[in-house]
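Structure at a glance
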Amino acid sequence: MEMCEAGASLVCPEVKAMPPARPNQFERVFQPCLAELLGTMFFVFVGCVSVIENEGATGRLQPALVHGLAVAAMVACMAEISGSHFNPPFTLAIYLCGGLDMNMVFPYLACQLLGGVLGAAMAKAMTSKESFAKAHGAAFDVLQSNDALGGALFGEVAMTCLVTLVVLLGAVNAKTRSPMVPFLVGCTVAVLILAGGGVSGTCLNPARAFGPALMSNYWTYHWVYWVGPIAGGLLAALLVRLLLGDRKTRLLLK
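Residues numbered from 1 in each chain as written. Predicted model: local features only at pLDDT ≥ 70, side-chain atom pairs only at ≥ 80, totals over all residues. Heavy atoms only, no water.

Under the convention used in this document: UniProt positions are given in the numbering used here, feature names are shortened, and annotations may be inferred rather than shown by experiment.
The protein appears in an unreviewed UniProt entry as Aquaporin8 from Takifugu obscurus. Its UniProt record gives the protein the following Sequence similarities (unreviewed entry) comment, quoted word for word: "Belongs to the MIP/aquaporin (TC 1.A.8) family." Listed in UniProt under the heading Subcellular location (unreviewed entry), the comment for the protein reads: "Basolateral cell membrane".

In structure tokens, the structure reads:
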């Protein structure tokens, strides 16, 4: 009888589970920032190496697959720690759509840029001087004249808008949130590199542009890879806030 009563007490519906412990400061601030730094660092590292050591026969296929798969892997691993932004336009857009507190915006941006520099430095240390110099350290060198400037800038805006929409609708917007968002973002990045790599290089990420440019001291048309992605990310946030978001996210027609 005593054993039966003890067993019954273990499954008693009146026994309430302890509420989960509130995250401490390390889990709320330092851990997410570290995840953003490491995630951006390894993404930029493998992305730069794939460009520097790219075999001519593979064309854009090798960088496209490497960048896309790296994004998918890092997003899947770090999503529960930091949200897996790894990209300043993503951070700005997610904040504007209510997915990030204001006090974390600037730490995230700083960690992403530092991660981009560290990743580019790792790529420089891994590759030969000849290969590194030939590829300008994987800095974006597609633009060589003002004739192609308009198309490249428009491409960076449009392509960043698309991938940011995938992030916002797949991870932030409650109505369309999907557990497949790492796969969706990775596939989108790969497809966009295949589609637009010959026009702008398909940066979509100022942290990815800044690190290699700093390591190789190559700044030709570098501003395009800040203005285009940031404008594209803000445009995506505007579309979600005004039209595509659920009632909690959308500002109009609630």
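1. Some details on the packing of aromatic side chains
Formally: Ring pairs are drawn from Phe, Tyr and Trp, using the six-membered ring of Trp, whenever the two centres fall within 6.5 Å, and their geometry is named by plane angle: stacked under 30 degrees, edge-to-face over 60, tilted for the rest.
For the coordinates displayed, the defined rule picks out three aromatic pairs. Geometrically, the ring pair formed by Phe 210 and Trp 219 is tilted, given 6.2 Å between the ring centres and 50° between the ring planes. Among the aromatic residues, those joined into a cluster by ring pairs are Phe 210, Trp 219 and Trp 226.

2. Some points on the environment of Phe 90
This is how the line gets drawn: Think of it this way: any DSSP run of H or I at least four residues long counts as a helix, any run of E at least two long counts as a strand, and we number them from the N terminus. Think of it in three bands: with a 1.4 Å probe and only protein chains considered, a residue is buried below 20% of the maximum accessible area for its type, exposed above 50%, and partly exposed in between.
Inspection of the secondary structure assignment puts Phe 90 in helix 4 (residues 88–96). The exposure class assigned to Phe 90 is buried, which follows from its relative accessible area of 8%. Residues Phe 90 and Ala 236, spaced 146 residues apart in sequence, show a C-alpha to C-alpha distance of 9.5 Å.

3. What to know about helix 10 (residues 224–244)
Convention followed: Only heavy atoms matter for contacts: two residues are in contact if any of them lie within 4.5 Å across the pair.
Along helix 10, the residues that are buried comprise Val 224, Tyr 225, Gly 228, Pro 229, Gly 232, Gly 233, Ala 236, Ala 237 and Val 240. Where helix 10 is buried, its residues touch helix 4, helix 7 (149–172) and helix 9 (206–216).

4. Side note on the UniProt feature "transmembrane region" (unreviewed entry) in the protein
Mapped onto this structure's residue numbering, the UniProt feature "transmembrane region" (unreviewed entry) falls at residues 33–52, 64–83, 148–171, 183–203 and 223–244. Across residues 64–83, the secondary structure splits into 95% helix and 0% strand, with the terminal C-alpha atoms separated by 23 Å. End-to-end, the C-alpha atoms of residues 148–171 are 34 Å apart, and along that stretch the chain is 96% helix and 0% strand.

5. Description of the nonpolar core
Rules: Throughout, nonpolar core names a set of buried Ala, Val, Leu, Ile, Met, Phe, Trp, Tyr and Cys residues whose side chains join them through atoms within 4.5 Å.
In this structure, Ile 52, Val 163, Leu 168 and Val 185 are the most contacted members of the largest nonpolar core, which totals 47 residues. Tallying contributions element by element places helix 2 (residues 25–52) first for this core, with nine residues. In contact with Val 163, other than residues within four places in its own chain, are Phe 90, Val 185, Thr 188, Val 189, Leu 192 and Leu 204. One finds Phe 140, Ala 152, Cys 203 and Tyr 221 within the second-largest nonpolar core, a separate group that totals nine residues.

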